[in-house]
Amino acid sequence: MKYNPYNQQGDYAHYTVKKEQPLLEFLLETVEQSRNKIKLTLQGRGVRVDRKTVTQFDFLLKPGMKVAVSRTKRNQTQFKSRWLKIVYEDRWIIVIEKNIGILSMAAGHSSLNVKTVLDDYFRKSHQKCTAHVVHRLDRDTSGLMVYAKDIETEQILEHNWHDIVFDRRYVAVVSGEMKDDSGTVANWLKDNKAYVTYSSPVDNGGKYAVTHFKVLQRTTDHTLAEFKLETGRKNQIRVHTADMGHPVCGDVKYGNGDNPLHRLCLHAYMLCMVHPVTRERMEFETPIPASFRSLFK
């Protein structure tokens, strides 16, 4: 059966864009609903352009784009959480941008985690699913994450992660002025009994880890750099930057006390993947946090 991405939750009406115009203008001309209902549908994440949920009234449409409008979403409560934003959602996966201060999944007695926030959202939006953890970000790292909505999709993602995710990038503010514009760090990472990850230039029984970096901006005090992971090991960027003598700012575990923004200055800003079910290429990117940029004004 051919997958139709718009028939998963409630009915959608489908339209093809004929001329360049802002989204709200197009909807007012095309959809037989009041202005207020159209605005509620937009706010309720009930409008998709080329399969991606769009909430901006002034989003510029181009000829040939496909617009789908939910007939039910105008009645739904808009998802609001101080801990995360929904970037993309379909019946199999949900991509979110996580804030600092929240765990990816439950750990011990701590109840605040992304999975419980998502499960609560699924329940309130009458979706018969739960969030399945596929990868993690540290509590104090912000940025993009993908969760599966059923166990089959979770298994596909878990067993084929390195084939499915073809580009993952982070941006970080590190301490000091990095001299090289770009480069690669590669060594073995292993945890000791106190759960501190340490590196070794030779095989220490740990896991081989490769990080590519590129400097975006620098001052004499700090450097804004992009990190592309070839391997996704625990604490990889934090350990590798410390190895280079430029630890991530605000890192209490591997840092040097330099904490200009009172947070761990690490953000997962790009996630590129092949959809585990439909096999379409998907690229997600969030802006570099404004606070990071503020240090380089």
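Note that the coordinates shown come from a computational prediction; the quantities given were computed from them, not determined experimentally. (Residues numbered from 1 in each chain as written. Predicted model: local features only at pLDDT ≥ 70, side-chain atom pairs only at ≥ 80, totals over all residues. Heavy atoms only, no water.)

**Student:** Which parts of the structure should I look at to understand helix H6 (residues 236–243)?
**Tutor:** Burial within H6 is extensive, with six of its eight residues counted as buried. Every buried residue of H6 is listed here: Gln 236, Ile 237, Arg 238, Val 239, His 240 and Thr 241. On its buried face, H6 sits against strand E11 (165–175), strand E12 (182–191), strand E13 (197–200), strand E14 (207–218), strand E15 (222–229) and strand E16 (266–274). Looking one or two places after H6, you find Gly 245, whose phi comes out positive at around 85°. (Buried < 20%, exposed > 50% of the residue type's maximum accessible area, 1.4 Å probe, protein only. Helix = DSSP H or I, 4+ residues; strand = E, 2+ residues; numbered from the N terminus. Contact = heavy atoms within 4.5 Å.)

**Student:** I keep staring at the environment of His 212 and nothing clicks. Help me out?
**Tutor:** With respect to the secondary-structure elements, His 212 resides in strand E14. Considered as a pair, His 212 and Thr 130 are 82 residues apart in the sequence and their alpha carbons are 35 Å apart. Excluding residues within four positions of it along the chain, His 212 makes contact with Gly 183, Thr 184, Glu 226, Phe 227, Lys 228 and Glu 230. There is a polar contact of 2.8 Å between the side chain of His 212 and the side chain of Thr 184. (Polar contact = N/O pair within 3.5 Å; in protein donor to acceptor, adjacent residues only side chain to side chain.)

**Student:** Got a minute to help me understand the pattern of salt bridges in this structure?
**Tutor:** Between side chains of opposite charge, a pair can form as their charged atoms come close. If you walk through the whole model with that rule in mind, you get 15 salt bridges. Salt-bridge contacts for Lys 149 lead to Glu 89; the nearest nitrogen and oxygen are separated by 2.8 Å. Residue Lys 149 is found in the loop between strand E10 (142–148) and helix H4 (151–159), and its partner Glu 89 is found in strand E7 (residues 84–89); the two are separated by 60 residues along the sequence. A relative accessible area of 4% means that Lys 149 is categorised as buried. Here Asp 119 and Lys 115 are joined by a salt bridge, their closest N and O atoms 2.8 Å apart. Of this pair, Asp 119 and Lys 115 both sit in helix H3 (residues 114–124), four residues apart, which is roughly one turn of that helix. Note on Asp 119: relative accessible area 17%, which makes it buried. (Salt bridge = Lys/Arg side-chain N within 4 Å of Asp/Glu carboxyl O.)

**Student:** Hey, could you run me through the nonpolar core in this one?
**Tutor:** Within soluble globular proteins, side chains that are nonpolar tend to cluster in buried spots. By size, the foremost hydrophobic cluster in this structure holds 44 residues, and its most contacted members are Ile 94, Ile 96, Leu 118, Tyr 147, Tyr 170, Phe 227 and Val 248. Setting aside residues no more than four positions away along its own chain, Ile 94 makes contact with Ile 86, Tyr 88, Glu 89, Leu 118, Tyr 121, Phe 122, Met 145, Val 146, Tyr 147 and Lys 149. Within the second largest apolar cluster, 16 residues are counted, among which are Tyr 88, Ile 93, Val 146 and Val 165. (Core = buried A, V, L, I, M, F, W, Y, C linked by side-chain atoms within 4.5 Å.)

**Student:** I keep staring at the state of the cysteines and nothing clicks. Help me out?
**Tutor:** Counted under the stated rule, the structure contains zero disulfides. Cys 265 forms no disulfide, and the closest cysteine sulfur to it belongs to Cys 249, at a distance of 5.2 Å. (Disulfide = S-S within 2.5 Å.)

**Student:** It is not clear to me how the pairing of E16 should be interpreted in this structure. Could you clarify?
**Tutor:** Where a strand is regular, its side chains alternate between the two sheet faces. With nine of nine residues buried, E16 lies mostly within the body of the structure. As judged from the two bridges shared by E10 and E16, these two strands associate in the parallel manner. Bridge pairing links Ser 142 to His 267 in E16. Relative to E16, E11 is paired through seven bridges, and the arrangement is antiparallel. Bridged to Arg 169 within E16 is Met 270. (Pairing = 2+ DSSP bridges.)

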